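Fold and contact review
So you can see what is in the structure, the chains are spelled out below.
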Amino acid sequence: MEVVSSNASFGGTQTVYRHASETCACDMTFAVYLPPQAKSKSVPLLWYLSGLTCTHENAMVKGGFQEHAARNGVALVFPDTSPRGEGVADDEAYDLGQGAGFYVNATQDPWSPHFQMYDYIVRELDAKLKGMLPHNGQQGITGHSMGGHGALTIAMRNPRMFKSVSAFAPIANPTKSDWGRKQLSAYLGDDESTWAHHDATELLTSVGWSGDMLIDQGSEDQFLDLLKPEALAHAMAAKRQPGVFRMQPGYDHSYFFVSTFAGDHVRWHAERLGATIS
């Protein structure tokens, strides 16, 4: 585990790590924020999964999560969005390949040798974090756009791993969207029966979520037609799923939107993870 950088932040520490991933068969980078409370006790962990074209750095720098995590005694982890490097398959389009892993385990060539992001998050990185952080075992997960899709689907498929889930402008119904059908076909093949495990709307309908969930969506999001928030909202109502779906007036898809509501999400997770809230 190589330390790439380490900086003091709101009384805690923001660190970036690089390691050789067995799951993705390449070097992977991720960031961890430890709040000041972690100096004297173990703390809950909130995962943040980023969207298309992002790395670990986007939310770490632009999201403004550290101040809220420090106030609420929650650690943060910001994984990368895909495998990267020489020999890792890529595509000229921004929404496929490096930067666009979609948090699935690819089964198709040329993606399958490296694009195993579901197992990387759920198995490899989770195990590494438990061994290296003052982590009390309580975990929540959130994310933005493609990362919101990842957060919702991973949480619903792993309810013992995650106690809380939220999302910012998630790709809510990828099996019915061009932000989904293209990638799921490329990574998983043309058998659409294999796609449902990676669709938050489909999973909520079939599996559900044992707790409540928080979804924020900007009303002026330039990608609304691709995100399909109405599908998830309808599924929540039909399932009678406890939770809050907020259409935020005037907000777009940018990190100005994410940073505006970051504090709400961190506090929401902290309450459900038993953190010490100030």
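Residues numbered from 1 in each chain as written. Predicted model: local features only at pLDDT ≥ 70, side-chain atom pairs only at ≥ 80, totals over all residues. Heavy atoms only, no water.

1. Some words on the sheet that holds strand β1 (residues 2-9)
Put simply, the test is: When DSSP finds two or more bridges between two strands, those strands count as paired. Comment: elements are numbered from the N terminus, with helices defined as DSSP H or I runs of at least four residues and strands as E runs of at least two. What counts as an axis is a line fitted to C-alpha atoms, over the stretch in contact for a helix, and the angles between N-to-C directions run from 0 to 180 degrees.
Strand order across the open sheet formed by nine strands is β1-β2-β3-β5-β4-β6-β7-β8-β9, with mixed pairing between neighbours. For this open sheet the edge positions go to β1 and β9 (243-248), each flanked by a neighbour on one side alone. Ignoring strand direction, the axes of neighbouring strands in this sheet form an average angle of 20°. Pairing analysis gives six bridges linking strand β8 (residues 213-218) to β9, with the strands arranged parallel.

2. With respect to the environment of S5
Test applied: Three exposure classes are used, based on accessible area relative to the maximum for each residue type with a 1.4 Å probe and protein chains only: buried under 20%, partly exposed in between, and exposed over 50%. The contact definition used throughout considers only heavy atoms, calling two residues in contact when any of these lie within 4.5 Å.
Residue position: S5 is located in strand β1. Judged by relative accessible area, which is 27%, S5 ranks as partly exposed. Taking the C-alpha atoms as reference points, S5 and Y118, 113 residues apart in sequence, are found 26 Å from one another. Once residues within four sequence positions are removed from consideration, S5 is found in contact with Q14, T15 and V16.

3. With respect to the pattern of salt bridges
The condition that has to hold: What makes a salt bridge here is a side-chain nitrogen of Lys or Arg within 4 Å of a carboxyl oxygen of Asp or Glu, nothing more.
Tallied over the entire structure, the rule returns 13 salt bridges. The shortest N-O distance in the salt bridge between D119 and R123 comes to 2.3 Å. Pair noted here: D119 and R123 are both in helix α3 (residues 117-132), with a separation of four residues, about one helical turn. Beyond isolated ion pairs, a larger network of salt bridges with shared partners links D212, R267, E271 and R272.

4. Some thoughts on the environment of H114
How we decide: Polar contact is the term for a pair of N or O atoms within 3.5 Å; when the atoms are in protein, one must be able to donate a hydrogen and the other to accept it, and sequence-neighboring residues count only if both atoms are side-chain atoms.
Mapped onto the fold, H114 is located in the loop between β5 (75-79) and α3. Separated by 91 residues in the primary sequence, H114 and T23 have C-alpha atoms spaced 7.4 Å apart. If we ignore the near neighbours within four places in the chain, the residues touching H114 are C24, A25, C26, P83, G87 and V88. Here C24 takes part through its backbone oxygen, which lies 2.9 Å from a polar atom of the side chain of H114. At 3.4 Å, the side chain of H114 forms a polar contact with the backbone oxygen of G87.

5. Comments concerning the nonpolar core
Which entries qualify depends on this criterion: Nonpolar core, defined: a set of buried Ala, Val, Leu, Ile, Met, Phe, Trp, Tyr and Cys residues in which side-chain atoms within 4.5 Å join the residues together.
By size, the foremost hydrophobic cluster in this structure holds 85 residues, and its most contacted members are W47, F65, L129, I141, L152, I154 and Y187. Leaving out residues up to four positions away in the same chain, I154 has contacts with L49, Y103, Y118, I121, V122, I141 and F162.

6. Description of the packing of aromatic side chains
What counts here: In this scheme Phe, Tyr and Trp rings, the latter by its six-membered ring, pair at centre separations within 6.5 Å, and the angle between planes marks the pair as stacked below 30 degrees, edge-to-face above 60, and tilted otherwise. Note on geometry: a ring has a charge over it if NZ (lysine) or CZ (arginine) is within 6 Å of the ring centre and within 35 degrees of the ring normal.
Using the criterion set out here, one finds 15 aromatic pairs in the structure. Ring centres of Y48 and F168 lie 6.4 Å apart, and the angle between their planes is 50°; this geometry places the pair in the tilted category. Here Y48, found in strand β4 (residues 43-49), pairs with F168, found in strand β7 (residues 164-168); they are 120 residues apart in sequence, far enough to count as distant. Both residues of the pair, Y48 and F168, belong to the buried class. Put simply, the rings of Y48, F65, F78, F168, Y251, F257 and F261 touch in pairs and so form one group of aromatic residues. The ring of Y118 has R157 lying over it, and the distance from NZ or CZ to the ring centre is 4.3 Å.

7. Some words on the packing of helix α2 (residues 65-72) against helix α9 (residues 255-273)
Two packed helices can be described by the angle between their axes and the distance between those axes. This is how it is decided: The labels follow the angle: roughly parallel below 35 degrees, roughly antiparallel above 145, roughly perpendicular from 65 to 115, and oblique for the rest. Helix crossings are classified by the rotation of the near helix relative to the far one: an anticlockwise turn of less than a right angle makes the crossing left-handed, while a clockwise turn makes it right-handed.
Relative to each other, α2 and α9 sit at 25°, their axes nearing to 9 Å. In terms of axis orientation, α2 runs roughly parallel to α9. When the axes of α2 and α9 are compared, the crossing they make is right-handed. The residues of α9 that touch α2, namely those facing F65, H68, A69 and N72, are V258, A262, G263, V266, R267 and A270.

8. Brief notes about the side chain of H135
Position of H135 relative to the elements: it lies in strand β6 (residues 135-143). Residue class for H135 comes out buried when judged on its relative accessible area of 14%. Within polar-contact distance, the side chain of H135 engages the side chain of Q139 at 3.2 Å.

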